[in-house]
Amino acid sequence: MTPPPGTSPPPRDARIARDLSAWFARSARDLPWRRPLPGHPRRDPYHALVAEVMLQQTQVSRVLEYFPRFIGRFPTPAALAEAGEQQVLAAWAGLGYYRRARLLHHAARAIAADHAGEVPSDPGLLRALPGVGRYTAGALASIVFEHPEPIVDGNVRRVLIRLEGRDLDETPRREEAWAWQRASELVAAAEAPGVFNEALMELGATVCLPSPARPDCPLCPLRTHCRAAELGRQADLPRPKPRARQSVVHHAAVLIRDGRGRLLVEQRPGRGLWAGMWQAPTLESPKPVTAPALARWFGVPRLRRLARFTHHLTHREVRFSVWAQPEGDAPPGAGAPRRFATIRQIAGLPLANPHRRILLEQAGPLSPPRRRAASSA
DNA sequence: CACACGTGGGA
DNA sequence: TTCCCAAGTGT
């Protein structure tokens, strides 16, 4: 985009934008959501929306696995809008942050209802879609529609802080405001805003890496502009953030079969962890439960423990214990929405991720509590 | 606005 | 193996 009359970008910003964009043109990874559809001048806005939502807080390698399948199943906003929430969750299962799937589903319904089935190009309209925040709206507006909108994600933040050698002990809020301001200035200096924005993220994801891996400065197209590199401080910036504490919760999951060998499953509540997904009937508690207490809770005569394992989340550690009711005992009364399901039916449900292991390993014998790495090979 | 929300990869 | 880490959106 050409700058408004009377204002021309600072020469350094223009050189940064030019050098980075040129590097991207020759170094960009070939990713499915970057390919325009055959016979189309630009990439499909709906594909870009799905990809951007999937990429929120999620690594590219993970999204590569899910994106083609999701697009295959829901090829258009209308197809996604008409789908049921359980189908959408099932297509998202294993990808994490499941609220994104619901919000994307709602966004598709809004696109169908309010935008004639077409993803809008206006940044304000994009921002109004469920699950589309400042970053995602900017990414779609710039990358798909070439509006000169700034974007700041984790990669961009790190690249900008190093580029400007910004070593301040400031509040996250202030740093955030600075990064958006700087991103705005730079994108205004770019000839193609979408190319520049995507290049900024690509640089952070492939060259200007976080501290442990360290940036590969000799390969960097911005090394001659970089204040941190000039000072030899590129590995120290940005300063590490204090990490959050982790709490521990206990989930006791019980395997109960009916006379035909089907397993009892229940749906999790509509909010919170693994919202709306399915699991073996589970008692959650801050401390471990004893076998008699668990049997009492589920209203069955007795239970024996089959396995234990720990599932790690960002701010929480979930200690699972898996229990079974001896064959022939009567099933418990209903509490949450529950039903018996065959293994084949269970495999098609949106399962809370740890329960994929708990329930589907029931097709064969459940492995004993993990000890050494003796079992594999 | 501090907090909740998943998962896999790399040191 | 085990520990540490990343960083968008909505409430």
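Residues numbered from 1 in each chain as written. Chains lettered and ligands numbered in written order. Predicted model: local features only at pLDDT ≥ 70, side-chain atom pairs only at ≥ 80, totals over all residues. Heavy atoms only, no water.

**Structural notes on the packing of helix H5 (residues 85-92) against helix H6 (residues 99-114)**
Piece 1. H6 packs onto H5 with a crossing angle of 130 degrees between their chain directions and a minimal axis gap of 9 Å. One element, H5, and the other, H6, form an angle in the oblique class. Between H5 and H6 lies a crossing of right-handed hand. Note on element contacts: H6 touches H5 through Arg100, Ala101, Arg102, Leu104, His105 and His106, opposite Glu85, Val88, Leu89 and Trp92.
Piece 2. Grouping the amino acids of the contact of H5 with H6 by side-chain chemistry returns 5 nonpolar, 2 polar and 3 charged. (Axes fitted to C-alpha atoms, helices over the stretch in contact; angles between N-to-C directions. Helix = DSSP H or I, 4+ residues; strand = E, 2+ residues; numbered from the N terminus. Parallel < 35°, antiparallel > 145°, perpendicular 65-115°, else oblique. Left-handed = near helix turned anticlockwise from the far one by under 90°. Contact = heavy atoms within 4.5 Å. Nonpolar A, V, L, I, M, F, W, Y, C, P; charged D, E, K, R; others polar.)

**What about the protein's contact with DNA strand B?**
Piece 1. In the vicinity of DNA strand B there are 20 residues, among which Tyr98, His312, Thr314, Arg316 and Asn353 approach most closely.
Piece 2. Sugar and phosphate atoms represent 61% of those atoms of DNA strand B found within 4 Å of the protein.
Piece 3. At 3.5 Å, a backbone N or O of Gly94 approaches a sugar or linking oxygen of DNA strand B.
Piece 4. At 2.9 Å, a side-chain N or O of His311 approaches a phosphate oxygen of DNA strand B.
Piece 5. Residues belonging to the surface near DNA strand B are distributed by class as follows: 7 nonpolar, 10 polar and 3 charged. (Near = heavy atom within 4 Å. Polar contact = N/O pair within 3.5 Å; in protein donor to acceptor, adjacent residues only side chain to side chain.)

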